[in-house]
Each structure stands twice: as structure tokens, then as C-alpha cells.
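# Examination of the molecular architecture
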Amino acid sequence: MTVTRPTPDDERGERGVGTPAPVRLTRDFFDRPAHQVAPDLLGRVLVHGPVALRITETEAYGVPGEDPASHTYRGRTARNAVMFGPPGHLYVYFTYGMHFCANLTCLPEGVGSGVLLRAGEVISGAERALARRTAGSARVVKHHDLAKGPARLAVALGFTREHNGLDACAPGPLAGLPGLPGLPELFVSPGEPVAPSSIRSGPRTGVSSAQETPWRFWIDADPTVSPHRAHVPRRR
DNA sequence: CTCCCGATTGTCT
DNA sequence: GACAATCGGGAGA
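Just so it is clear, the structure is predicted and the values come from calculations on it, not from any experiment. (Residues numbered from 1 in each chain as written. Chains lettered and ligands numbered in written order. Predicted model: local features only at pLDDT ≥ 70, side-chain atom pairs only at ≥ 80, totals over all residues. Heavy atoms only, no water.)

By the element assignment, Thr134 lies in helix α4 (residues 126-134). At 2.8 Å, the side chain of Thr134 and the backbone oxygen of Leu130 are in polar contact. (Helix = DSSP H or I, 4+ residues; strand = E, 2+ residues; numbered from the N terminus. Polar contact = N/O pair within 3.5 Å; in protein donor to acceptor, adjacent residues only side chain to side chain.)

Have a look at this one:
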């Protein structure tokens, strides 16, 4: 991962001519509709402590009343409150009685939407990610499977309940170069945006409604992208 | 590789 | 009481 020292212009999210690329995405990046943010996140690098992940697959979830597949469809609750907060925050939820999944919130405070982080390529801290993925089991996990799927991604990055609400665009010193103090616990590096010709889109995975909405985005032919599964109603 | 199934609990109807 | 923005293991092709 390449990180460049920021300039004062970068701190304000304004790039002047000849200034280096900003170290991290600022809040305005996320203050857009989720279906616009989701493809734009591909190729970006999510950093949480020692683990860095190049995002390869995302899904957009829309605003209350308009997207029946979104956790916010029926309005604000205790669980989805973070999605109604300001953009650029981590929304972590618990599902299937055993898994955590992570989103980055979009649009301004009061509007509930976000992008589910579905898969990525671990580019730093792979040893830590592997230890988390194999803890308490003897199974073998290949490098490209470390974060293939939203629940696996959450494990690799160490996201659980306690990380719900974390700010990925926290203000503060941006001298977060390796070996220097001030590195935020959580941030998104701009990475290398993916060319539009390499971005694919299709129906979202595992959702029981709005299956015609093509709001799943992934990098074409990337080995870390998860297999698509249509929703399967559970029988009892 | 492709099905198919069970696990396990928070959340909302 | 139903079911979930999932995963890992096992059977079979």
C-alpha cells in the first residue's frame, strides 16, 4: 500500500495542482447515494489497525421506503441507528445467529443507507487476518479466501459489535504514515480506483426482495470476489 | 466443481 | 414465531 503525506489542502478534501493524493477518503465521498458510492469503493483500501484490505465487491442499500432489501426500509430502530447517522461510519450488524457484517454509511444524517462490504484482497496484515480466520479450527484458508464474503471480511478485519458506529473519516492528525503516530484506527485510503470497464454489476446476494435491482458491484475476474447466491427461503 | 444442510441468536411481526 | 445482507462441511458428479 502506498501512502503519501497529506498537505493542508488534502485535509480539507481539496486537491490543488501538484499536491499528492490524499491519505484517506473524506466524509464527502460517502455523502452520496449508496449505489454511487458502492462501485466507487472498488479498489479502495480499507484499513483497520494492522490489516489493510483492497475492496473488490460491494452492495448498495438504499433509503427508507424505497429499498425493501435495506435494513432501514421500515424506519429507524436500535439496530440500524448508525445507518441514520452521518456518512462515513461503520455499521456492523449481527446475523444468522453467528456472523457479523460491515457497511459504510452513506448520505447525510437522518437518511438511512449504506454500502455492504462483501469481499476484498488482504494486502497488509495477512498474518493477523489468517490467525483470526483460523482461530479455534484446523482448517486451511487460502490467501484469496481470507475476506471472500461479508462475514469472512468482518472476521479478517476484526469487526464485531463493539466496532458499530466507528468513524472511518475521523478528524485529527493525518500523519498516519507507517511508523509515525496519529494513524487513525479506521480509515479508507483512496487506493487505485478501478476502471469502469472492469466493474461488473448484478443482483444483490441473499436478499429476498428487490432481486431485480443490480446493486451488487465487483471487480471482473478478481479471485477474491465471493460466489453469487440467490436468496433461498428457509424451510422448517 | 455443485448441491444441500445445520448452526445459532438478535430482531421485528 | 419466523427468519435473517452467511458459512463450512459433507455427499455426489
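Let us keep going from here.
This part is about helix α5 (residues 150-157). A large share of α5 lies buried, amounting to 6 of its 8 residues. Where the residues of α5 are buried, they touch β1 (45-48), β2 (51-61), β4 (99-105), β5 (114-124) and α4. Gly158 lies just past α5 and shows a positive phi near 80°. (Buried < 20%, exposed > 50% of the residue type's maximum accessible area, 1.4 Å probe, protein only. Contact = heavy atoms within 4.5 Å.)

Attention now moves to the nonpolar core. Counting 40 residues, the largest nonpolar core has Phe30, Leu41, Leu46, Leu104, Leu117 and Phe159 as the members making the most contacts within it. Beyond its immediate stretch of four places on either side in the chain, Leu46 contacts Val51, Ala52, Leu53, Ile55, Leu117, Leu157, Phe159, Leu186, Phe187 and Val188. (Core = buried A, V, L, I, M, F, W, Y, C linked by side-chain atoms within 4.5 Å.)

Moving on: the protein's contact with DNA strand C. Among the 22 residues in the neighbourhood of DNA strand C, the closest are listed as His71, Tyr93, His99, Asn103 and Arg152. Backbone atoms, meaning sugar and phosphate, form 55% of the atoms of DNA strand C found within 4 Å of the protein. Within the contact set of DNA strand C, a base nitrogen lies 3.5 Å away from a backbone nitrogen or oxygen of Ala69. Taking Pro150, its main chain carries an N or O atom lying 3.3 Å from a phosphate oxygen of DNA strand C. Looking at the surface near DNA strand C, the elements with two or more residues in it are β4, β5 and α5. For the surface near DNA strand C, the class distribution of residues is 10 nonpolar, 7 polar and 5 charged. (Near = heavy atom within 4 Å. Nonpolar A, V, L, I, M, F, W, Y, C, P; charged D, E, K, R; others polar.)

This next bit is on the packing of aromatic side chains. This structure, assessed with the given rule, holds 3 aromatic pairs. Look at Phe94 and Phe100: their rings are 5.1 Å apart centre to centre, the planes differ by 50°, and that puts the pair in the tilted class. Among the residues examined, Phe94 registers a relative accessible area of 34% and is labelled partly exposed. Positioned over the ring face of Phe29 is Arg32, at 4.6 Å from the centre of the ring. Across from the ring centre of Trp218, 4.4 Å away, lies the NZ or CZ of Arg216, which sits over that ring. (Phe/Tyr/Trp six-rings, centres within 6.5 Å; stacked < 30°, edge-to-face > 60°. Lys NZ or Arg CZ within 6 Å of the ring centre and 35° of its normal.)

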